[in-house]
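Chain residues, written in single-letter form:
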Amino acid sequence: MPQLNRIQHEYVEFIPARLEEGRLYISQKYRTATHLCCCGCGMEVVTPLSPAKWQLSDHWATVSLHPSIGNWSFPCRSHYWISHGKIRWAGAMSDQQIKRVRANDHRAIEFEAQMDRPSEEKVPPVSWGKRFIAWLRRP
């Protein structure tokens, strides 16, 4: 399976049923970007666009996605960045590193959901003293 070094982007309203290798489909309406895994395995990669998930930067002729694409649930376990239309391959991550990344992602998603709630539903901030004690107690 050949690894890609570049990816083209295309803005669409709906993600097509059949994806073309080497093409990143971006739906602004549905805030998602989708492509076939750049390792060549043929798996579909869906990246929801939001502050807690992925951010898209449009450079006119190219685009970038941040953070990296970590396909850890795929058999290939590929890991790469899309930066200015180029694929920058990242090193493999250990199971422990992946677990930490997933935990961070979960916290970011919870925080984003909390920010979307009306203000009366928001949880009050934790004092610095309670945060410090929790920090001291962590393993």
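Preceding this section is the structure that the text describes.
Here, residues in each chain are numbered from 1, in the same order as that chain's written sequence. Given that this is a predicted model, residues contribute local features only at a pLDDT of at least 70 and side-chain atom pairs are listed and counted only at 80 or more, while totals for whole chains, interfaces and linings are drawn from all residues. Each side-chain value is worked out from all heavy atoms of the structure, with water and hydrogens disregarded.

(A) Structural context of unusual backbone geometry. Between His66 and the following residue, Pro67, the backbone shows a cis peptide bond with an omega angle of 5°. Helix and strand labels come from DSSP, where a helix needs a run of H or I of at least four residues and a strand needs a run of E of at least two; each type is numbered from the N terminus. Take Pro67: it is sitting in strand β6 (residues 63-70). Although it is not a glycine, Arg31 sits at a positive phi angle of roughly 45°. The residue Arg31 is located in the loop between β2 (23-27) and β3 (32-36) in this model. With a 1.4 Å probe rolled over the protein chains alone, any residue whose accessible area is under 20% of its type maximum counts as buried; one over 50% counts as exposed, and the rest are partly exposed. The class of Arg31 is exposed, set by a relative accessible area of 54%.

(B) A look at the nonpolar core. Residues enter a nonpolar core if they are buried and are Ala, Val, Leu, Ile, Met, Phe, Trp, Tyr or Cys, with the set joined through side-chain atoms within 4.5 Å. The biggest cluster of nonpolar side chains holds 18 residues, and the ones touching the most others in it are Leu24, Leu65, Tyr80 and Ile87. Of all the elements in the fold, those that place two or more residues in this core are β2, β6 and β7 (79-83). In this description, contact between two residues means that some pair of their heavy atoms is separated by no more than 4.5 Å. The residues touching Tyr80, leaving out its near neighbours within four places in the chain, are His35, Cys37, Cys38, Val45, Ser68, Ile69, Asn71, Ile87, Arg88, Trp89 and Ala90.

(C) The arrangement of the sheet that holds strand β4 (residues 44-48) in detail. For two strands to be treated as a pair, DSSP must find no fewer than two bridges joining them. Sheet architecture is open: four strands sit in the order β1-β2-β3-β4, paired in mixed fashion. The two strands at the open ends of the sheet, each matched to only one other strand, are β1 (8-11) and β4. Ignoring which end each strand starts from, the neighbouring axes of this sheet average 20° apart. By the bridge criterion, four bridges tie β1 to β2 in an arrangement that is parallel. Each residue of the ladder has a partner; that of His9, found in β2, is Leu24. For helices, the axis comes from a line fit to the C-alpha atoms of the stretch in contact; other axes are also lines fit to C-alpha atoms, and the angle between any two N-to-C directions lies between 0 and 180 degrees.

(D) Geometry of the sheet that holds strand β5 (residues 55-58). Pairing in this open sheet of four strands is antiparallel, and the strands run β5-β6-β7-β8 from one edge to the other. Across the chains shown, the open sheet's two edge strands, defined by having one partner strand only, are β5 and β8 (86-89). In this sheet, adjacent strand axes meet at a mean angle of 25° when their direction is disregarded. By the bridge criterion, four bridges tie β5 to β6 in an arrangement that is antiparallel. Counterpart to Ser57 in the pairing with β6 is Ser64.

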